[in-house]
Amino acid sequence: MPKKNFIDDLISRMTVEEKAAQMLQVPVSVVGMDEARKWARLGVGSFLNVLGEDMEELARICAEESRLKIPTIFGIDAVHGHCLNKDATIFPSQLAMACSWNKDLVRKIAKITATEVATEGIQWTFSPILCLARDPRWGRTNETFGEDKFLSGELGAAMIKGYQGEDLSDDTAVLACAKHFIAYGEATGGRDSYDTEITMRKVRDEFLPPFKKAVDAGVATFMTAYGSLDGVPLTANEKALRGLLREELGFDGFVVTDWDTVNALINRQKVCADHKEASRVAAKSGNDMIMATLEFYKAVIDQVKKGKLDESYLDEAVKHILTIKLRLNLWEKPLKKGIPGSIGCRSHLNAAVEAARESVVLLKNNGVLPVRKGKKIRRIAVIGPNADDIRAQYGDWTYFTHPVPGIEKEPQRPYVTILEGMRDIADHKGIEIRYSYGCSVNRREYYKGNFESIPAFMEQCYIDNSRKTDTYKEMPFINEAASLARECDLIVLAIGDNYNQAGEYNDRAELRPSGMQEALVRVLSTLHIPMITVVVASKPLVLTDIVEKSDAVICAFNGGMFGGQAVAEAIFGKINPQGRLPISFPVVTGQVPVYYNQLPGWHEGRYVDCTEEPLFAFGEGLSYTWYEYSDLKFNKRTKTVSVTVTNNGKRRGVETVQVYVNDVVSSVMTAVKNLAGFERVELDAGESKTVKIKLEDEAFSVVLPDETRVIEPGQFEIFAGHSSKDEDLLKVTVTL
Ligand code: GLC
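Model, not experiment: these values are computed from the prediction.

Scoring rules and cut-offs
All residue numbers refer to position in the chain's written sequence, counted from 1. Owing to the predicted nature of the model, reporting of local features is limited to residues with pLDDT of at least 70; listing and counting of side-chain atom pairs is limited to 80 or more, with chain, interface and lining totals taken over all residues. Side-chain figures throughout are based on the complete set of non-hydrogen atoms in the structure, without hydrogens or water. The pairing criterion for strands is at least two bridges between them, as found by DSSP. Helix and strand assignments come from DSSP, with helices taken as H or I runs of at least 4 residues and strands as E runs of at least 2, each series counted from the N terminus. Axis lines are fitted through C-alpha atoms, for helices just across the contact stretch, and the angle between N-to-C directions can take any value from 0 to 180 degrees. Stacked, tilted and edge-to-face are the three classes assigned to paired rings of Phe, Tyr and Trp, where Trp is represented by its six-membered ring and a pair needs centres within 6.5 Å; plane angles under 30 degrees give stacked, over 60 edge-to-face, the rest tilted. Note on exposure labels: buried denotes an accessible area under 20% of the residue type's maximum, exposed denotes more than 50%, and partly exposed covers the range between, all computed with a 1.4 Å probe on protein chains only. Here a residue is near a molecule or strand as soon as one of its heavy atoms is found within 4 Å of it. N or O atoms within 3.5 Å of each other form a polar contact, as long as, within protein, one can give a hydrogen and the other can take it, and as long as residues adjacent in sequence are counted only when both atoms are side-chain atoms. Residues belong to a common nonpolar core when they are buried Ala, Val, Leu, Ile, Met, Phe, Trp, Tyr or Cys residues joined through side-chain atoms within 4.5 Å. Contact between two residues is taken to exist if any of their heavy atoms lie within 4.5 Å; hydrogens are not considered. Here the bounds of each domain stem from an automatic or database domain assignment. Two parts lose some accessible area (1.4 Å probe) when they are put together, and adding that loss for both gives the buried area. Basic side-chain nitrogens of Lys or Arg form a salt bridge, by our definition, when they fall within 4 Å of a carboxyl oxygen of Asp or Glu. Note on residue categories: nonpolar means Ala, Val, Leu, Ile, Met, Phe, Trp, Tyr, Cys or Pro, charged means Asp, Glu, Lys or Arg, and polar means any other residue, Gly included.

Take the sheet that holds strand E20 (residues 653–663) next. On the basis of which strands lie adjacent, the open sheet formed by four strands has the order E21-E20-E25-E26 and antiparallel pairing. Each edge of the open sheet carries a strand with a single partner, namely strand E21 (674–683) and strand E26 (729–735). Between one strand and the next, the sheet's axes are offset by a mean angle of 20 degrees, whatever the strand orientation. As judged from the six bridges shared by E20 and strand E25 (residues 715–721), these two strands associate in the antiparallel manner. Among the inter-strand pairings, glutamine 658 is bridged to a residue of E25, identified as glycine 721.

So, in structure tokens, the structure goes:
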């Protein structure tokens, strides 16, 4: 039977109960298998958080025992590898992999992840996140591709193509999910799921572009955001779901809500009085599949049977869902096959090493790096809470943070921490590695009050210790680290945060490193031993004091299985760091928002007590060579930038050429510059290449108060260079 008739015919045979079930996604981790089986017999549309034999049983029940035998689909959060499976390949987080600015790498990571997910039989991953992290207080910063709409759109589209391949029915293709629609990370105060005070003009200008690229890349599903736009929850936001997404972007897949957001309309956002109203609103607003709000089932049936909700809303939602199920060829292949034996295989692990290497960002280096023979380095002290903590290195959305029932929470090999990576290389160089924990990440409560100096602080600790009070347990660790470092020629200090300081519900009001980490750095800096600080964190932290006391700074974010290996290889110069920041680092927390593409108009452009410049800028990153730019040209007819890049150093390296555009005068305010293109180029020492980057028309457009996007004739500044900082950029001014 032709596909279109097949679906229409099927819908015509479905009861309202079966349509309501098809719109439901049941969390097996919550209801358990007994109840899940009942839902399967009712013909439920989807399950999440179930793997292995339980998943296979539910698939069989839906496909063989439900009345119409409509196969179900299984979703999982495989967002930087199939991380909820303890044997799977765990890549750097999205924020870390974004440091590579490498679309091919991101697509490869997604393809491998899809293969491993499909090998479990699963057909759908809730990835990529296309939210922008413009306020790093937000707990979910690590899940994004950073602060910029262009970079996020480019990497997001690459990821979607990696997941979905050319044909959704392929054995290794899985549905991607563009999430969370829309402007979720822009909530006031960086507060997860809170309201985003924003106009639809701003939504179109800043937050829609990555999602448009997702639709253009053929993404099969979208997920709505927990939050609200100017007081209207996304779950109830017809203008966003039907207007922007369906009518304007032409999205033809299906929309799933985020976790239990239909209940949130009642009990958190308080825009609906009960389940009947919430279910009616959710269906009418354009949500096709309802995640985890099981009350939706009875409520929506009740509303249709009472004539309060037209059944056509259910028909439309079910049609969106069944259309994607048909593109999966689900009736022939109720579960994905993948590639048996591929989960955690050598080639996948090698890709994780490659990704970790390209994610390392060198932010400061006074010449102490790379550690070379003959620099009289005989003993290295590796210190700090994140030097040997694989949980901190993995970050969010792994089998530690989101364990699927029955899956181990203990760390599974293979992985390489910073300490292990340092030992692996140092052993071959006859360099001794010594290790000390230094302090924990969490115990801020022991650091009571503001001591004038560390000695005063330490004095107080000894007093407290002598009284055997509980005030201060960290001091011995810090002292032990200092004693050990005193006998070494170099310190590698790994600080940052850990996964209970990141993710949903874990927003932060203070971005300075927590616990005693700053005290540890101050104590170590009094030793006057060269110190390399490595940041293993889920987000930009306020490192101002630490950077000032460090001879070199490496940002590793959450580098995945082999993050420690990549950092060690960078320290010893086995790799030449090539990462560039996808997000700005603030000088102090109060400087947020500090993203690079600010609007003009700030009186004096600075605070009285802080610079307006970030500590580290979007696009910034050093290497063991340096690059010079020359001969910037812009072809108005083809809108193509060309610029020559020369490697002026002594070793081969990869430079990420960045192109920014500023609309000099526009009828609405536009950012001082916006990223409009980038290209990675590998250059031998002394080699020059001319790079050509074609710009999209959108790079020259503005969104007017009437919400239309237009290109206004006038002058445009075109920048090309090494980072978003003016001092790193060449500029030409053109009139279009
Ligand atoms: C979570 C997250 C979303 C995830 C979903 C399923 O709460 O907000 O990103 O895909 O629920 O786990």
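Now that the structure is up, let's keep going.
On to the packing of aromatic side chains. Here the structure, examined in full by the defined rule, presents 25 aromatic pairs. With a centroid separation of 6.1 Å and an interplanar angle of 90 degrees, the aromatic rings of phenylalanine 150 and phenylalanine 678 are classed as edge-to-face. Taken as a pair, phenylalanine 150 in helix H7 (residues 149–164) and phenylalanine 678 in strand E21 lie far apart in primary sequence, 528 residues in all. Look at phenylalanine 678 and you get buried, because its relative accessible area is 8%.

In the region of the ligand, 13 residues are neighbours, and Asp77, Arg140, His180, Tyr226 and Asp258 sit closest. Here an oxygen atom of the ligand and a side-chain polar atom of aspartate 258 are 2.6 Å apart.

Now for the sheet that holds strand E7 (residues 221–224). On the basis of which strands lie adjacent, the open sheet formed by three strands has the order E5-E7-E10 and parallel pairing. The strands lining the two open edges of the sheet, one partner per strand, are strand E5 (177–181) and strand E10 (254–256). Strand-to-strand twist in this sheet, taken as the mean axis angle between neighbours without regard to direction, amounts to 25 degrees. The sheet contact formed by E7 and E10 spans three bridges and is parallel. Across the sheet, threonine 221 pairs through a bridge with phenylalanine 254, a residue of E10.

What follows covers the nonpolar core. Of all hydrophobic cores here, the largest spans 166 residues; its most connected members are Phe47 and Ile571. The contacts of phenylalanine 47, once residues within four sequence positions are left out, are Gln25, Val26, Val28, Ala36, Trp39, Ala40, Leu58, Cys62, Thr72, Ile73, Phe74 and Gly75. In this structure, Leu520, Leu524, Leu541 and Cys555 belong to the second largest nonpolar core, which totals 41 residues.

With that settled, consider the domain arrangement of the protein. When the parts come together, some accessible area is lost, and that loss is often what is quoted as the size of the interface. The domains assigned to the protein are domain 1 (5–82 + 110–130 + 161–190 + 211–328), domain 2 (360–592) and domain 3 (627–735). Summarising the inter-unit geometry, the C-alpha centres of domain 1 and domain 2 are found 40 Å apart. Between domain 1 and domain 2, the residue contacts involve nine residues of the former and nine residues of the latter. Buried surface at the junction of domain 1 and domain 2, summed over both partners, amounts to about 690 Å²; 62% is from carbon and sulfur atoms. Counting across the domain 1 and domain 2 interface gives zero salt bridges. In this assembly, domain 1 and domain 2 are joined by two residue pairs in polar contact (both at pLDDT 80 or more). Broken down by class, the residue content of the side of domain 1 that touches domain 2 amounts to four nonpolar, four polar and one charged.

The omega torsion across arginine 413 and proline 414 is 10 degrees, close enough to zero to call that bond cis. With an omega dihedral of 5 degrees, the bond running from valine 592 to proline 593 counts as a cis peptide bond. Its location among the elements puts proline 593 in the loop between helix H21 (563–571) and strand E18 (627–635). Positive phi values are uncommon outside glycine, yet phenylalanine 557 reaches one of about 45 degrees.

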